[in-house]
Amino acid sequence: MSAGGIRPPRPFPDAARETLQDTQMRRNLKHATTTIREKRLRAVAELPDWEEIRTRGAALKDVALADLAEHLLMLEASVKRRGGQVHWARDGKEARRIVADLAAAHGAKEIIKVKSISSDEIELNAELEARGIHAVETDLAELIVQLAGDTPSHILVPAIHKNRAEIRELFRRELGADLPTDEPKVLAEAARLYLREKFLTTKVAVSGANFAIAATGTVCIVESEGNGRMCLTLPDVLISVMGIEKVLPEWADIAPFMQLLPRSSTAERMNPYTSFWSGVTPGDGPQEFHLVLLDNGRTDVLADKVGRETLRCIRCSACLNVCPVYERAGGHAYGSVYPGPIGAILTPQLLQLEDDNANSLPWASSLCGACYDACPVKINIPEILIYLRGQITPHKTPNAESIAMKTAAWIFNEPFRFEGALKLARIGQGPLVQHGAIHALPGLLGGWTSSRNLPAFPAKSFRELWREEGQHG
Amino acid sequence: MGNEARLEILTRINRATAAGERPQVERTAVPASVRPHAEIVAQFAEYAAEYRAEVHRVSEAELAALLTKLLAAQNVLVPEGFPAQVLLQLTPRKPQATHADLAAYDAVLTTCAVAIAETGTVVLDHGPGQGRRALTLIPDRHICVVRSEQVVESVPQAVAALQAAVEAGRPLTWISGPSATSDIELSRVEGVHGPRRLEIVLVE
Amino acid sequence: MNIDLFITCLNDALFPQTGLATARLLRRLGHTVHFNEAQTCCGQMHFNTGYQKEALPLIRKFVNDFRDSEVIVAPSGSCVAFVRDLYPRAAEWAGDDGLLQEVTELGKRTYELSEFLVRVLGVEDVGAYYPHRVTYHPTCHAARLLRVGDAPLKLLRKVRGLTLIELPASDQCCGFGGTFSVKNPETSTAMLADKVQNVLGTGAELCTAGDNSCLMHIGGGLSRLQSGAGVVHLAEILASTESMGAGNSETIGAMQVSAEALL
Ligand code: SF4
């Protein structure tokens, strides 16, 4: 299994074939996604102007992205004015080196981390370990995943694939915790005790960022457990790694996002804790602050006028929770720290559509459209999936599919060819038809008939019947 | 190397965004509420309680007595700037402590900057009476005094009200109920790392 | 009204009864129905599978074939959604402003059957008779792209003899998704399994929908399980009348039985 990052180790269909067999994961995921779907609908229904807020959120992101350079420069200046330092990283390698160098410069042997997908994206933990620095994940789910030597399967609930009994076993083994029951409350308490000491003594913390305000240099972390507040407040040094698309121009622009994000992600009116800070606050919190601005393929996404919309994403994970493909195949099938519908469009784009495995992701969708309905910033994921398919296909080497598709297009371009093809098909299917249906097909369509029958071609097509009788009767 | 990366990223962005239209948004003032304020305050109390904050609604006259009762026999931390007249016999402690010292307190008593009805949230801007962030994080019980005139209806109204604090460089902590996790089978557990008890004293 | 049938290539080739039913129904309601034999395929399969270059000529062809139509009606939510929602994108992505203008105009005159009946013609009772227990699956493109809402249910509720049974988790995709079912057959099957289970749970004899593609998928699963339940296109229910002896084996489970009967 890959240790974070965004390069899928194999194509989606291969990975899904395996993950679909994990019945425990499928039960957990079905329960979790069904619960949160219903909750989300209730949370959203409470705000009568939800649609306008979505529209505003989308528009604000578009404005922020259209002049991204200007907003990043403004952010840089504001953070510096408030005593923080700003670093720029072209790719994951550069970003993890910046973070590891900073941690090493403070002589850190251990750092604490707030859940941050961007740090998973750049595979930070591996780099730190290689340099003798242990990164302690402080988010309960991330801790579970880390202790299990596993990878997250959900943006927001990374251990969604594990149930309480599995977690109890893990904590017993890894934390030596004495756990009378597997109640979530008991398990959470064990984590609290284990982490408390880390919070009070560790000198360097690493976080991501949910939003940043250019005008004021304010960075925002949205969380639930309080581990974020601990990491952002108690250490001496704070390093935040942020994708360049997270910037918003002005303070007031944060408003719709604080309405959209909690209701879309955890389906709450508001998450328990949100922290905002601007650079260094004298006498309060870390007195050294570093903001690492990460590109890692984002400028390529920005350059594509259709794909750009992807950068509006606020990582709420609503699209995962409503996705029927995600619900069954699970997050690991996507082979990237970005699973689900957003992963299916973001991962291949971050890799410039040059990674064959990632390029299988845009097809990991039935285009049912549930994700677009749920997305708080109105990313038209189905449309972008189709667009990416169109970008990837022409560069594939010709195969049975492309030949079939090109032939079909040639046939459809002339009605007489279409009619001729139908007649031929009727003859060709002869040996395959049993009781009026086709049960097994060779080649391309074999996947279909592995679980469903296919109707046979009728004796006459519509156009033939129409000529004979339809136009009169 | 640092400057090289900066230059390259900015160049790539400029190239990516050079063409294309410039979308616009209108940034208009947040409209005032039309609902009666008492209703908004009641909604705040209800929603905060739904998120498992313990809510006490008192008049100005009852405040001191309630606080005395709540904090009896407790080792209480009171940040500087907390209004002295309501403290009565409570002795404010000077919060110059280290993190470990803070852990020795049973509770912390603060004011807040603004409260949001739509979400049951209290917001600290860590000004006078609220203290630096660690004070409201380490002790296991947080008692927050909210005055009814501090309650706004919506998130955008709160954001507008916090503009000055943010521009002054102050950090903000938005608190909606005690800390919680739903990481295990999505079942909610209250009280993970922050204060496990949040009490809101709503003064009307 | 002068109605041009957009029959769709799938219906033309595999489900001619659906097309005939659509024509019969619209005529019964007093309209003139045309079928332009020049039409073939709207290009959805090509476009959505990634063959956008190949789809463009088909899109242009569709525009030519239907340029003079007053209204265009299809017994397929998916193909109508493609014309209405994605033709403009196709034109934009190809940078063809002229085409964009044409397809935007065309999209306004193109309707899926149930929305055309309820929203344009304003009828709910089409005088149909269909004495069967039926459950309705709202296909994703009809529900989320076209927003046909409860139009099909309104029509079904007025069908005499028909018992409508609510389908649990009806908003969940059946897993068809065009080439998705071929490229990701295992995931598609996992989705189909839940849909089939929900359909069988209703105890309905037939599952109906406005799209033969999804019905072919659901029906294929039901048929493989020898479940006894079948599928039928909404148009065929609505076209059935008492005088026709509707509900006999000619219309039930159209895609299974009709194929056999005609072979
Ligand atoms: S794409 Fe939309 S729904 Fe999905 S995680 Fe991003 S913001 Fe949320």
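Read on for an overview of the structure. In this text, all values refer to a predicted model and were calculated from it rather than measured experimentally.

Some remarks on the overall build of chain A
Secondary structure summary: chain A contains 22 helices and 13 strands in total. Against the 2.2 N^0.38 benchmark of 23 Å for 473 residues, chain A shows a C-alpha radius of gyration of 26 Å, consistent with a compact globule. Partitioning the contacts of chain A with sequence separation of at least 6, the portion at a separation of at least 24 is 74%. Where the 55 positive side-chain charges of chain A centre and where its 58 negative ones centre are 3 Å apart.

Describing the pattern of salt bridges
With the rule as written, the count across this model stands at 66 salt bridges over all chains. Note that R27 of chain B is salt-bridged to E250 of chain A, the shortest N-O span being 3.6 Å. Within this pair, whereas R27 of chain B is found in the loop between helix 1 (2-17) and helix 2 (37-50), its partner E250 of chain A is found in the loop between strand 8 (247-248) and helix 12 (254-265), the two belonging to separate chains. In the salt-bridge network here, residues are joined through shared partners; they are K30, R37, E327 and R328 of chain A together with D194 of chain C.

What about the sheet that holds strand 5 (residues 133-136) of chain C?
All names here are of chain C. Pairing in this open sheet of 4 strands is parallel, and the strands run 6-5-7-8 from one edge to the other. Looking at the sheet topology across the chains shown, the edges are occupied by strand 6 (163-165) and strand 8 (230-233). Taken over all neighbouring pairs, the strand axes of this sheet differ in orientation by 35° on average, direction set aside. Pairing of strand 7 (residues 206-209) with strand 8 involves 4 bridges; the strand directions are parallel.

Description of the site of the ligand
All names here are of chain A. Not every one of the 13 residues close to the ligand is listed here, only the nearest: C313, C316, S317, C319 and C375. Using a 2 Å cut-off from the grid points, one finds that the ligand occupies the second largest cavity. Across the shell around the ligand, the residue classes break down as 11 nonpolar, 1 polar and 1 charged.

Quick word on empty space enclosed by the protein
Residues and elements named next belong to chain A. A full pass over the atoms with the stated rule returns 7 cavities of 30 Å³ or more. Quantified by volume, the largest cavity comes out at close to 120 Å³. Contributing to the lining of the largest cavity are 17 residues, with C323, P341, S365, C368 and C371 lying nearest its centre. At the level of elements, helix 15 (324-329), helix 16 (340-350), helix 17 (370-374) and helix 18 (381-392) are the ones that each hand at least two residues to the lining of the largest cavity. For the lining of the largest cavity, the element with the highest residue contribution is helix 16, accounting for 3 residues. A class-by-class count of the residues in the lining of the largest cavity yields 13 nonpolar, 4 polar and no charged.

Digging into helix 3 (residues 60-71) of chain B
Residue and element names in this part refer to chain B. End to end, helix 3 covers 17 Å across 12 residues, agreeing with the expected 16 Å (1.5 Å per residue, within 8%). Within the span of helix 3, buried status applies to L63, A64, L66, L67, L70 and L71. Where the residues of helix 3 are buried, they touch strand 1 (54-58), strand 2 (76-77), strand 3 (107-110), strand 6 (141-147) and strand 11 (197-203). Remark: A73 follows helix 3 within two positions and exhibits a positive phi of approximately 60°.

Overview of unusual backbone geometry
We note that N296 of chain A has phi near 45°; this positive angle belongs to a residue other than glycine. Considering the arrangement of structural elements, one finds N296 of chain A in the loop between strand 10 (288-294) and helix 13 (298-303). Classification of N296 of chain A by relative accessible area gives buried; the value is 16%. At R52 of chain B, a position not held by glycine, the phi torsion is positive, near 65°. Its place among the elements puts R52 of chain B in the loop between helix 2 and strand 1.

Thresholds, definitions, all that
Residues numbered from 1 in each chain as written. Chains lettered and ligands numbered in written order. Predicted model: local features only at pLDDT ≥ 70, side-chain atom pairs only at ≥ 80, totals over all residues. Heavy atoms only, no water. Helix = DSSP H or I, 4+ residues; strand = E, 2+ residues; numbered from the N terminus. Rg over C-alpha atoms; globule rule 2.2 N^0.38 Å. Contact = heavy atoms within 4.5 Å. Lys, Arg positive; Asp, Glu negative; His and termini not counted. Charge placed at Lys NZ, Arg CZ, Asp CG, Glu CD. Salt bridge = Lys/Arg side-chain N within 4 Å of Asp/Glu carboxyl O. Pairing = 2+ DSSP bridges. Axes fitted to C-alpha atoms, helices over the stretch in contact; angles between N-to-C directions. Near = heavy atom within 4 Å. 1 Å grid on protein atoms, 1.4 Å probe; cavity = no way out; pocket = protein on both sides within 12 Å on 5 of 7 lines; lining within 4 Å. Sits in = over half its atoms within 2 Å of the grid points. Nonpolar A, V, L, I, M, F, W, Y, C, P; charged D, E, K, R; others polar. Points joined across faces, edges and corners; volume = space filled by probe spheres on them. Expected span 1.5 Å × (residues − 1). Buried < 20%, exposed > 50% of the residue type's maximum accessible area, 1.4 Å probe, protein only.

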